[in-house]
Amino acid sequence: MAEKMSEKTYPETMKAVFLEKPGGKLFVKEVSTPVPGPGEVLVKMSAAPVNPSDLARMRKAEDAAAFIPGIEGSGAVVAAGKGLLPRLWLGKRVACSSEYTYSGTWAEYMVTKAGKCFPIGSKVDDEQGAMSLVNPLTAIGFFEIARDERHKAIINNAAASALGRMVELLGKKHNIPVINIVRKDEQVRMLKSSGSEHVLNSSAPDFIDNLARLSNELNATLLFDSTCGPPLGKMIGALPSGSSVVIYGNLSGEDNIMINPRSLIDNDIKIYGFFLGARSKKNGMLKNILNMREVSRLMSSDMKIKIQGRFPLEKAQVAVDTYLSDMSSGKVLLVPMV
Ligand SMILES: NC(=O)c1ccc[n+]([C@@H]2O[C@H](COP(=O)([O-])OP(=O)(O)OC[C@H]3O[C@@H](n4cnc5c(N)ncnc54)[C@H](OP(=O)(O)O)[C@@H]3O)[C@@H](O)[C@H]2O)c1
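1. Looking at empty space enclosed by the protein
Okay, step 1: Inspection of every chain in the model, using the stated rule, returns 1 cavity of 30 Å³ or more.
Okay, step 2: Size it by volume and the largest cavity reaches roughly 50 Å³.
Okay, step 3: What lines the largest cavity is Leu 137, Gly 141, Glu 144, Leu 276, Arg 279, Ser 280, Asn 283, Asn 288 and Asn 291.
Okay, step 4: Elements supplying a minimum of two residues to the lining of the largest cavity: helix H4 (134-148) and helix H10 (276-300).
Okay, step 5: Per-element tally for the lining of the largest cavity: the top contributor is H10, with 6 residues.

Below, the structure is given as structure tokens:
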């Protein structure tokens, strides 16, 4: 039985976003507000971003009738199930991520595990707080990898993204040069005007030559790739010997890419995947709390994520379309109570 802050702190029913079918259009439906069980909390959502991982999940959602999208967001804990942590979070403003496919952040309320909620610092607003889990923790993870594997400089692809901007910021803080790869001239200009020193355009004819020159010059032996497009094989061939390649996204949507096995063997290249969920599980609660403190500190100072639009739940489809039409212009937020 949920421990409510007081009676009637939340309504019996709520609005939530659903999919017509896997990969289909989004619409809003009135459903019963979920009740938190042991170890769970009910969050009254304030804001939730549209992230590439949300789109990937929506494409493969099998049980569309019971699926509410939205992996991360922010809100206030209005009810708590049994347990110390749920009670501790009751009444707190939190950043939260979804635990269950049937209760996502694109809704007025979400039930999730208390362990997937982290209090938001007073200097971080609900909108920035809504984006404080997925990308900031990934950026922190990247620099932990760079430190553990002793890389002197790193390379990041799709670098005009929100995550790309964080990687650049953390690179400056850690004194680790970042080679930013983008795919349009306007993105090169945007990054350079915001202070990035090393920016390469993957659409330019001399891209691979420039990558080979710059990565060897800076000894950039760690490539983070979220694109996984056809040029990846050639990019790998351009890296300094002994490099690591970390695949963390599949923005190109390609199922298979060609990599010359000799370029891996001759140059002693390692390739592996990065998934924040698995890393957070391995990290454990204490390390996750410490990393969240770091995120809170960064977001209270210079880590600010650009927002291009805010939409009510009823306009979820417009929100996704707006985001897809220009992903580098900033995040799109779903704001249930506007
Ligand atoms: N593995 C993990 O645990 C993890 C965690 C966090 C984030 N990620 C991944 O990190 C990436 C960035 O996320 P984000 O939220 O920061 O993104 P975002 O701010 O929403 O921006 C997406 C970026 O990707 C670019 N892009 C889209 N399709 C592309 C393609 N086919 N080739 C090259 N660039 C492309 C966009 O450029 P245009 O404007 O030119 O389209 C835009 O700059 C995503 O792939 C996401 O899934 C992974």
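This is not the end of the story, as more comes after the structure.
2. A closer look at the site of the ligand
Okay, step 1: For the ligand, the set of nearby residues contains 27 residues, the closest of which are Arg 183, Leu 276, Tyr 323, Ser 328 and Lys 331.
Okay, step 2: Here an oxygen atom of the ligand sits 3.0 Å away from a polar atom, N or O, in the side chain of Asn 135.
Okay, step 3: Arg 183 is positioned such that a nitrogen or oxygen atom in its side chain is 2.7 Å from an oxygen atom of the ligand.
Okay, step 4: Relative to its unbound accessible surface of 930 Å², the ligand loses 90% to contact with the protein.
Okay, step 5: Of all the secondary-structure elements, those providing two or more residues to the shell around the ligand are H4 and helix H5 (162-174).

3. Here's the deal with the domain arrangement of the protein chain
Okay, step 1: Split into domains, the protein chain comes out as domain 1 (3-132 + 307-334) and domain 2 (134-276).
Okay, step 2: Distance from the C-alpha centre of domain 1 to the C-alpha centre of domain 2: 31 Å.
Okay, step 3: Counting from both sides, the interface comprises 9 residues of domain 1 and, opposite them, 9 residues of domain 2.
Okay, step 4: Between the two partners, domain 1 and domain 2, sit 0 salt bridges.
Okay, step 5: At the surface where domain 1 touches domain 2, the tally comes to 2 residue pairs in polar contact (both at pLDDT 80 or more).
Okay, step 6: A per-class count over the side of domain 1 that touches domain 2 returns 4 nonpolar, 3 polar and 2 charged.

Scoring rules and cut-offs
Residues numbered from 1 in each chain as written. Predicted model: local features only at pLDDT ≥ 70, side-chain atom pairs only at ≥ 80, totals over all residues. Heavy atoms only, no water. 1 Å grid on protein atoms, 1.4 Å probe; cavity = no way out; pocket = protein on both sides within 12 Å on 5 of 7 lines; lining within 4 Å. Points joined across faces, edges and corners; volume = space filled by probe spheres on them. Helix = DSSP H or I, 4+ residues; strand = E, 2+ residues; numbered from the N terminus. Near = heavy atom within 4 Å. Polar contact = N/O pair within 3.5 Å; in protein donor to acceptor, adjacent residues only side chain to side chain. Areas by Shrake-Rupley, 256 points an atom, 1.4 Å probe, with all protein chains shown as cover. Domains from an automatic or database assignment. Contact = heavy atoms within 4.5 Å. Salt bridge = Lys/Arg side-chain N within 4 Å of Asp/Glu carboxyl O. Nonpolar A, V, L, I, M, F, W, Y, C, P; charged D, E, K, R; others polar.

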